[in-house]
Amino acid sequence: MRLKVRQVIDIVANRFGTSREAILGPRCNLETSHARMVAYWLATELIQDQTIQQIARTFNRDRSTVVHGVKRIRALAHSDQALIDSIKLCIADIWELVA
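In this numbering scheme, every chain counts its residues from 1 along its sequence in written order. Owing to the predicted nature of the model, reporting of local features is limited to residues with pLDDT of at least 70; listing and counting of side-chain atom pairs is limited to 80 or more, with chain, interface and lining totals taken over all residues. As a rule here, side-chain values cover all heavy atoms of the structure and leave hydrogens and water aside.

**Q** Is there a simple way to explain helix α1 (residues 5–16) in this structure?
**A** An α-helix turns once per 3.6 residues; consequently, residues spaced three or four apart project the same way. If you check α1, its first and last C-alpha atoms are 16 Å apart, about what 12 residues at 1.5 Å a residue would give, namely 16 Å. We call a residue buried when its accessible area falls under 20% of the maximum for its residue type, exposed when it is over 50%, and partly exposed in between, using a 1.4 Å probe and counting protein chains only. Comment: elements are numbered from the N terminus, with helices defined as DSSP H or I runs of at least four residues and strands as E runs of at least two. Every buried residue of α1 is accounted for by V5, Q7, V8, I9, I11, V12 and A13. Whether two residues are in contact is decided by their heavy atoms: any pair within 4.5 Å suffices. Where α1 is buried, its residues contact α2 (20–24), α3 (30–46), α4 (52–58) and α6 (81–98). G17 sits one or two positions beyond α1 and adopts a positive phi of about 70°. Helix span, as expected, comes to 1.5 Å for every residue beyond the first.

Shown next, in the form of structure tokens:
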């Protein structure tokens, strides 16, 4: 099975206790923005057949916003164990889906 960006968004939304609509929408609260950036990062890392531009379009964002979000999550992941644990759970859910 080929992983799709929407599937990543749904898994991240579920793990972070938010919705697909919130991740794709304009909200800027901390919980939603962290979930959105994790979804950016997972999509860019795990979906090799789409460019960052294509992934950004799925999120209703531009390329630079996705690149910034990916960089931000990489930086936060060095010091935030709860974030790292959430990312690991999302990855486990993704592997379960595509297996």
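**Q** Just checking my understanding: could you explain the pattern of salt bridges for this structure?
**A** Once the charged atoms of two side chains with opposite charge are near each other, the side chains can pair. Think of a salt bridge as a Lys or Arg side-chain nitrogen and an Asp or Glu carboxyl oxygen that are within 4 Å of each other. Applying the stated criterion across every chain yields a total of 4 salt bridges. Note that D10 and R20 form a salt bridge whose closest N and O atoms lie 2.6 Å from each other. Here D10 is found in helix α1, whereas its partner R20 is found in helix α2, with 10 residues between them in sequence. With a relative accessible area of 30%, R20 lands in the partly exposed category. Residue R15 pairs with D93 through a salt bridge whose shortest N-O separation is 2.7 Å. Residue R15 is found in helix α1, and its partner D93 is found in helix α6; the two are separated by 78 residues along the sequence. Looking at R15, the relative accessible area reads 38%, which means it is partly exposed. D93 gets classed as buried once you look at its relative accessible area, which sits at 19%.

**Q** What is the right way to look at the packing of aromatic side chains in this model?
**A** Remark: the centre distance and the inter-plane angle together describe each pair of aromatic rings, the angle taken between the planes. Two rings belonging to Phe, Tyr or Trp (six-membered ring only in the last case) form a pair when the distance between their centres is within 6.5 Å. Interplanar angles under 30 degrees mark stacking, angles over 60 mark edge-to-face geometry, and anything in between is tilted. Within the structure shown, the criterion is met by 1 aromatic pair. Here the aromatic rings of Y40 and F59 are separated by 4.8 Å at their centres, their planes lie at 85°, and the arrangement is edge-to-face. Of this pair, Y40 sits in helix α3 while F59 sits in the loop between α4 and α5 (63–76), placing them 19 residues apart in sequence.

**Q** Just checking my understanding: could you explain the nonpolar core for this structure?
**A** Across soluble globular proteins, nonpolar side chains show a tendency to be buried alongside one another. Nonpolar cores are built from buried Ala, Val, Leu, Ile, Met, Phe, Trp, Tyr and Cys residues. Side-chain atoms within 4.5 Å join them into one set. Counting 29 residues, the largest nonpolar core has V8, V12, L42, F59 and I73 as its most contacted members. Broken down by secondary-structure element, the contributors of at least two residues to this core are α1, α2, α3, α4, α5 and α6. Considering each element in turn, this core owes the most residues, 8 residues, to α3. Among all residues touching V12, those that are not within four sequence positions of it are I23, A35, V38, A39, L42 and C90.

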